[in-house]
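What the coordinates show
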Amino acid sequence: MRHTANERTLAGVWVLLALPMVVACGVGSSALDTAAQGDLGLDGDGSPDADDAEFSVDDGEPEDGGTPETEDARGDGEASECVPETCNARDDDCDGTADDGFPCVRGETRPCVVASCHGIQACTSSCEWAECAVAIVDSCNGADDDCDTATDEDFDCISGISEPCNTSCSTPGTHSCGSTCIWQACQAVAAETCDNLADDDCDGGTDEGCLGAACITGSDCTDAGLVCNENWGICVVADCTGRSDFVPCEIITSPDRSYDICSSGECKSPGCGIHTCNVPGPGFPPADTGQRTCYDGTLTIVCPGAAGSTDCESVAFCGQDAQYGWDVAHARSERYRRSVPAAGEPVVLDTVTGLEWQGCAWGMSGDATSCSGFASEGDWYSALRYCDLSEWGGHSDWRLPDHYALASISDHDAWSPAIDLDAFPGTPALSFWSSSTCSGLAGNALVASNASVVPGPKTYSGGYIRCVRGGWPEPVARFLRSDAAPGNPVVADAVTGVVWQGCAAGRSGGSCTAGSATTMDWQAALTYCQVLAWAGYTDWYLPNAGELSGIADSRRPFGAIDPTAFPETPRAKFWTATSLAMSAPNAWRVWFDEGTLSADPKSDALYVRCARAGP
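Throughout what follows, the structure given in this document is the object of discussion. Values in this document were obtained by computation on a predicted structure and should not be read as measured data.

On to the pattern of salt bridges, then. Inspection of every chain in the model, using the stated rule, returns 14 salt bridges. Here Glu356 and Arg469 are joined by a salt bridge, their closest N and O atoms 2.3 Å apart. Of this pair, Glu356 sits in strand E15 (residues 356–358) while Arg469 sits in strand E21 (residues 468–469), and the two are 113 residues apart along the sequence. Judged by its relative accessible area of 14%, Arg469 is buried. In this structure, Asp600 and Arg589 form a salt bridge, with 3.3 Å as the shortest nitrogen-oxygen distance. Placement of the pair is Asp600 in strand E30 (residues 596–601) and Arg589 in strand E29 (residues 586–591), with a sequence separation of eleven residues.

Written as structure tokens, this is what we have:
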């Protein structure tokens, strides 16, 4: 074992301490000198004896002709002396850095770029950087490694980029190219968009949190201003300010009803007991009346002339109900679809209005073709309660229909009952309750009885009940009055699509103040509308019972029509083009005093307002 100078001194002292106490026996300094010279045998010859080898001390001289040695100052695991740095990837000068003073450390590499081409540069054996070696194939790094103007072309995609994609539920999304240049899963890019019937956020739900979406608590309704109507189970608005009619809302009434809607900017509960809670009009596309038979003043006849043609103007009784509308182009069997989603509880879909009806009257049950048992009777309050609590055909959002909806399923080619018995078998012929209160007569509700819509005492216990669900959730603002042709105003109905003569027959002017409203019998009314040229149009016709009663407003007592849309309208009876099926000498008319629908003799003189199909 060899030692440093300090270690050698200390070793000598240790050796001296280990020797016999010869100094005290007269050896004196010569013994110390001898020890210092390496004669540890104390034989006085100045040379180490053979048995001195194990006590030898490094004298600093090289062994076997080598160079002086040191401890492992460079930290390379070998005892060596610190020397000037050379290019050998070792820390020769013991300063903690290999090959310092050279451009690079022998054997190391670094990325490099030559004319936008990516490659690798290596440190040579002389510690100089070699030329940049450009890659011959691309790596997944978002760069053009092989300088062929394409990036990551040997992979599925370019690292780090994102592109649009369609999610697994066919909605817009984005996906990104991962670190291995493989496309990641497509992620939805947007939160749920309301009223588009799509799963925008691809979470398995459609329009969740939106108006009309299913909910259990308020936290399920995420759109601003929405609350959960727990009874009805859908998200509704909390405030109707600025909202269109028929938007579902929530108002607490006594007794409380689940079906609440916006009406003229306020939340109303149809069936609250007063006429101001009545619906503001039909909340569904217009239905035809079902009348496919033509009549003259006394009998059924072959439909005369061609409705809408110039010939029709001179043919008696041309232009009546059976010659216009959906019924002309569709078979009766196309109107309704009856199904049985739950045993004994058939449901009927009206393909025109979109409304769904209980397929049997209250108290009855049925299947795909029939209803059995006996229809129950009750008063108006019982009717409201039954529909509000009804669970039928897998649905719980049933309501007592308003009088517009109830009248929409009347079949004016039938009588007693005036309804399609294939779709609604077993229907009683008498009165069915609506949720609408008679304007000005709070003790009466409007009932449908053999196609008529008339008042009936709410306490009458002999009314029948059929519940409805569905309808348009948010139609646009309804009436648009225009005087584009001066003196001949027109009114476009955005809900039904019908365009109306803006003044009653005989009147004209922007506000209908010119002239006087005139009356005429039923045949003359048909002819008047066929020959009418108004606002540049000549395709006018006398409206049917459903169309005309659709603009009657039962919320307005003693003048049941919107006075802004239809100014100067007489509070009187107006003709429809629909005949009374059981009595050909009579036709249906609408009374714009209280908004009721009934029949009068065709010979009577009533008022007229014509209509035309919208664009």
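There is more to say after this.
Our next topic: unusual backbone geometry. Note that the residue after Ser254, namely Pro255, is joined by a cis bond; omega there is -5°. Mapped onto the fold, Pro255 is located in the loop between strand E8 (234–237) and strand E9 (261–263). Between Ser416 and the following residue, Pro417, the backbone shows a cis peptide bond with an omega angle of 5°. With respect to the secondary-structure elements, Pro417 resides in the loop between helix H5 (403–408) and strand E18 (432–437). Located in the positive-phi region is Phe246, a residue other than glycine, with phi close to 80°. With respect to the helices and strands, Phe246 occurs in the loop between E8 and E9. By relative accessible area, Phe246 is classed as buried at 8%. Positive phi is not limited to glycine here, since Asn450 has a value of about 50°.

Enumeration according to the criterion identifies eleven aromatic pairs in this entry. Members of the aromatic cluster, connected to one another through ring pairs, are Phe574, Phe592 and Tyr607. Seen from the ring of Trp380, Lys458 lies directly overhead, with NZ or CZ sitting 4.0 Å from the centre. The positively charged end of Lys602 is found above the aromatic ring belonging to Trp522, 4.0 Å away from the centroid.

Before going further, it helps to spend a moment on the nonpolar core. Within the largest apolar cluster, 41 residues are counted, with the highest numbers of intra-cluster contacts made by Trp357, Leu400, Phe424, Trp433 and Ile465. Looking at this core, the elements that each hand over two or more residues are E8, strand E14 (345–350), helix H4 (380–389), H5, E18 and strand E19 (444–449). Sorting elements by how many residues they give to this core places H4 first, with five residues. If we skip the residues at most four places from it in the chain, Ile465 touches Ala361, Trp362, Ser382, Ala383, Tyr386, Cys387, Leu400, Phe432 and Trp433. Judged by nonpolar contacts, the second largest core, of 26 residues, contains Val453, Val491, Ala552 and Val590.

Here we take up the sheet that holds strand E2 (residues 117–122). Strand order across the open sheet formed by three strands is E1-E2-E3, with antiparallel pairing between neighbours. Edge positions in the sheet fall to strand E1 (109–114) and strand E3 (133–134), since each has one partner strand and no second. Strand direction decides the pairing type here: E2 and E3, joined by two bridges, are antiparallel. Within the sheet, the bridge partner assigned to Gly119 lies in E3 and is Val134.

Thresholds, definitions, all that
Residues numbered from 1 in each chain as written. Predicted model: local features only at pLDDT ≥ 70, side-chain atom pairs only at ≥ 80, totals over all residues. Heavy atoms only, no water. Salt bridge = Lys/Arg side-chain N within 4 Å of Asp/Glu carboxyl O. Helix = DSSP H or I, 4+ residues; strand = E, 2+ residues; numbered from the N terminus. Buried < 20%, exposed > 50% of the residue type's maximum accessible area, 1.4 Å probe, protein only. Phe/Tyr/Trp six-rings, centres within 6.5 Å; stacked < 30°, edge-to-face > 60°. Lys NZ or Arg CZ within 6 Å of the ring centre and 35° of its normal. Core = buried A, V, L, I, M, F, W, Y, C linked by side-chain atoms within 4.5 Å. Contact = heavy atoms within 4.5 Å. Pairing = 2+ DSSP bridges.

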